[in-house]
Amino acid sequence: MIKDNKFLSFFRIANYCFWLFLLIVAIYDLFFVPYRSIIWFIALFALISVYFFFRKIPLHAHLFLSLIVLLNIFGEVLEFFYLYQYYDKILHFFNPMMITLFFYYVLKPFVKDEKSRLFRSSLLAVCFSLFWEVVEFVFDQLFGSYFMGVFLKADPSSHFFGISNVLDVMTPFQDTLWDAGLAILGVFVFFWFFRMYLNRKQ
């Protein structure tokens, strides 16, 4: 019990430290990439709200949500999205799995049957993933960002700015189809293996 409490305390502190880190990133982008800071502030508000509103959800589910945001910070701030062609696609495959798990715990008080809960959480994860594609479209239209499409830096050593410095690897339409397809596939894979786990447990 003591070891478990120390373990949980460590990850709670790690979670709080990540919130502070995310706040610093958001403030930094406020001066250099303002439209991106909007996403970080919304993510910070969402993570904190979810953490305190869903206190009974296991801590690792909250950490998975923080991990999703952290990987996207790596993609944008460290420019992994613009250095590695498939980084974005990997996230679109694995992120929905973590989101499905989160919804699975959220629905626990309302849906007692585990298989039914898994199915509903999977649908919610797919809906959230498709909604994110709409968010990307809105941001690109309003702020001229590069969320839709796959763009690689023509010169990896240079700082990324402006469409003139990138190679258009995948069109926005192709990117959206791939992202949506990979998200659905990721949820399906998670659903399949988690259902196998539930069948064995029963």
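Nothing here was measured: the structure is a model prediction, and the numbers come from that model.

Conventions adopted
- Residues numbered from 1 in each chain as written.
- Predicted model: local features only at pLDDT ≥ 70, side-chain atom pairs only at ≥ 80, totals over all residues.
- Heavy atoms only, no water.
- Helix = DSSP H or I, 4+ residues; strand = E, 2+ residues; numbered from the N terminus.
- Buried < 20%, exposed > 50% of the residue type's maximum accessible area, 1.4 Å probe, protein only.
- Polar contact = N/O pair within 3.5 Å; in protein donor to acceptor, adjacent residues only side chain to side chain.
- 1 Å grid on protein atoms, 1.4 Å probe; cavity = no way out; pocket = protein on both sides within 12 Å on 5 of 7 lines; lining within 4 Å.
- Points joined across faces, edges and corners; volume = space filled by probe spheres on them.
- Nonpolar A, V, L, I, M, F, W, Y, C, P; charged D, E, K, R; others polar.
- Expected span 1.5 Å × (residues − 1).
- Salt bridge = Lys/Arg side-chain N within 4 Å of Asp/Glu carboxyl O.

Enquirer: How would you explain unusual backbone geometry if you had to name every residue and give the values?
Expert: Here Glu79, not a glycine, exhibits a phi torsion of approximately 65°, which is positive. Here Glu79 is to be found in the loop between α3 (59-76) and α4 (80-83).

Enquirer: Can you explain the side chain of His92? Please cite residues and give values.
Expert: Secondary-structure assignment places His92 in helix α5 (residues 87-106). For His92, a relative accessible area of 10% puts it in the buried group. Among the polar contacts made by the side chain of His92, one reaches the side chain of Asp179 at a distance of 3.2 Å.

Enquirer: An account of the layout of surface pockets is needed here, citing residue identities and associated values.
Expert: Looking at the largest pocket, its volume works out to about 1000 Å³. For the largest pocket, the lining is made up of 39 residues, of which Ile68, Val69, Asn72, Phe128 and Trp132 are closest to its centre. Listed by contribution, the elements that provide at least two residues to the lining of the largest pocket are α2 (34-53), α3, α4, α5, α6 (114-143), β1 (150-153) and α7 (172-201). Tallied by class, the residues present in the lining of the largest pocket amount to 27 nonpolar, six polar and six charged.

Enquirer: A description of α5 should follow, citing residues and the corresponding values.
Expert: Here α5 contains 20 residues, and its C-alpha end-to-end distance of 28 Å stays within 8% of the 28 Å for a straight helix at 1.5 Å per residue. Counting buried positions over the 20 residues of α5 gives 17, a clear majority of the element.

Enquirer: How would you sum up the pattern of salt bridges? Please name residues and give values.
Expert: Counted under the stated rule, the structure contains seven salt bridges. For the salt bridge of Lys89 with Asp175, the shortest nitrogen-to-oxygen distance reads 2.5 Å. Note that Lys89 is positioned in helix α5 and Asp175 in helix α7, a separation of 86 residues in sequence. Looking at Lys89, the relative accessible area reads 9%, which means it is buried. Asp175 sits in the buried class, given a relative accessible area of 0%. Here Glu114 makes a salt bridge to Lys201, at a shortest N to O gap of 2.8 Å. Of the two residues, Glu114 is situated in helix α6 and Lys201 in helix α7; the sequence distance between them amounts to 87 residues. Since its relative accessible area comes to 21%, Glu114 is described here as partly exposed.

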